[in-house]
Amino acid sequence: MPTLLWFRRDLRVGDLPALSAAVADDPEVLACFVLDPRLEASSGQRRLQFLGDCLRQLRDDLDGRLLITRGTAHERIPQLAREIAASAVHVSGDFTPFGQRRDQQVQSALGGVPLVSTGSPYLVSPGRVVKDDGSPYRVFTPFFRRWREHGWRRPASSGPESARWIDPSGVPGSDPAEIPDLGVELELPAGEPAALQHWRGFVEARSDRYESDRDRPDRDGGSRMSAYLKFGNIHPRTMAVDLDMRCPGRAAYLRQLAFRDFYAAVLHHWPRSAWANWNRDFDSIQTDTDAEAQRRFERWKTGQTGFPIVDAGMRELSATGFMHNRVRMIAASFLVKDLHLPWQWGARWFLDQLVDGDMANNQHGWQWAAGCGTDAAPYFRVFNPTLQGAKFDPDGAYVRRWVPELADVEDPHLVKGARPRDYPAPIVDHRDERAEALRRYLSINE
DNA sequence: AGCAGGTTTGT
DNA sequence: CAAACCTGC
């Protein structure tokens, strides 16, 4: 039975063991990657860099038997399936609403050929953890309890090499175009072996201080696994088996993996929450979108707001495609509550810039910050960017690293100290804007 | 997954 | 007198 393994831009190498197991007895398997040309636009380049590394790694693993073709998946897959007379198409897909819609488009275009979903990159598939009456959880903590009771399979033991592959040469219609080489070195090497190696390093050397250091952008306290998870270079199940609950840092990390599953489940149950307020009460909140708002948005994007921790984060993002999670929360809060811009503006920018940008996590993280999501921060919780910076980056090492104007200043968070002349003045007064944000929230129900 | 402004506690 | 703890927004 000829089988086409199809990956879209969210390539999940971590699903290969499951795929291999599913097709172990079938020698007629072809792996295919569909590169959406829209990813080649500037906004998608960061992720394309990482993806390119993943693809090169995969091509090596598959002994060169990887088909790369340009186009949109819902056009190319049915075409290829017909060309190789595939009797089934195995899909390694993600759980974005776009993905779901494309799956449906592909399914209908395929006619009678079955579309087989071969697994997800989550510990527990979205939609599986629900309340007793079948309704989805809206709050993380009870979800977490039920999620742990649910359990999950151990990772597949067989590797990708256990599958045999057909020779793709001679398959008509495939574009032999090379994987774009952007010539930019990322901090993290891509690919499954690199992901595994990085993970082992984290578990052995840094997981015991994860709990205390994960909120500290000045320390290397995070696991930095997010891009590997996003691109499926590693399956969270592979990680979960290493998370001994008796070790506090590792237990805390499992909770974060549960959060990832939770937001995937939220997006599964409420697909419109990708771009619309999950809590529709917020539809009437007033946001600024005029020319002045757009000027402020530009200052935010380029790290020129005059608030050190925000600027450091935004500059780290531009330079590396990554931002520390605590700083993401601060920068998001600042855009929503100090600049009064629509959270979707920030979410779009993050999704475009972050190497690990994930629809479910990114969008719901923003909704949390904006107060309109599940489990959202109450409206009166307004981050003070200066105090947050001083609290989580006490020596200012993070700010000094990313904001050179403040490198040699005694008080880099500018709590009381003097502001160097070459560093921008604050674009807003936090006290005033905090009051303004509260006013706007309170007026929702008037 | 805050903040501010208070009160209590510990040295 | 500073750190730790409490409480309403």
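Computed from a prediction, not measured in an experiment: that's the story for all the values here.

Cut-offs used in this document
- Residues numbered from 1 in each chain as written.
- Chains lettered and ligands numbered in written order.
- Predicted model: local features only at pLDDT ≥ 70, side-chain atom pairs only at ≥ 80, totals over all residues.
- Heavy atoms only, no water.
- Near = heavy atom within 4 Å.
- Polar contact = N/O pair within 3.5 Å; in protein donor to acceptor, adjacent residues only side chain to side chain.
- Nonpolar A, V, L, I, M, F, W, Y, C, P; charged D, E, K, R; others polar.
- Helix = DSSP H or I, 4+ residues; strand = E, 2+ residues; numbered from the N terminus.
- Buried < 20%, exposed > 50% of the residue type's maximum accessible area, 1.4 Å probe, protein only.
- Salt bridge = Lys/Arg side-chain N within 4 Å of Asp/Glu carboxyl O.

S.K.: A description of the protein's contact with DNA strand B should follow, citing residues and the corresponding values.
M.R.: Taken together, Arg 214, Phe 259, Arg 326, Trp 368, Phe 380, Arg 381, Val 382, Phe 383, Asn 384, Leu 387 and Gln 388 make up all the residues around DNA strand B. Within the side chain of Arg 326, a nitrogen or oxygen atom sits 2.5 Å from a phosphate oxygen of DNA strand B. Between DNA strand B and Asn 384 there is a distance of 3.0 Å, counted from a phosphate oxygen to a backbone nitrogen or oxygen. Residue classes in the surface near DNA strand B are distributed as 6 nonpolar, 2 polar and 3 charged.

S.K.: I'd love a proper account of unusual backbone geometry, names of residues and values included.
M.R.: Here Asp 375, not a glycine, exhibits a phi torsion of approximately 60°, which is positive. Its location among the elements puts Asp 375 in the loop between helix 15 (359–370) and helix 16 (385–392). If you check the backbone angles, Leu 414 has positive phi at about 55° while not being a glycine. Note that Leu 414 resides in the loop between helix 17 (397–402) and helix 18 (430–442). With a relative accessible area of 11%, Leu 414 lands in the buried category.

S.K.: I'd love a proper account of the pattern of salt bridges, names of residues and values included.
M.R.: One pass over the full model with this rule turns up 20 salt bridges. Close ionic contact of Arg 216 with Asp 218 constitutes a salt bridge, the shortest N to O distance being 2.7 Å. With a closest N to O distance of 2.8 Å, Arg 280 and Asp 283 form a salt bridge. A cluster of three or more residues bridged by salt bridges with shared partners is formed by Asp 288, Glu 436, Arg 439 and Arg 440.

S.K.: Any chance you could break down the side chain of Gln 388 for me, citing the residues and the numbers?
M.R.: Along the polypeptide, Gln 388 turns up in helix 16. The class of Gln 388 is buried, set by a relative accessible area of 13%.

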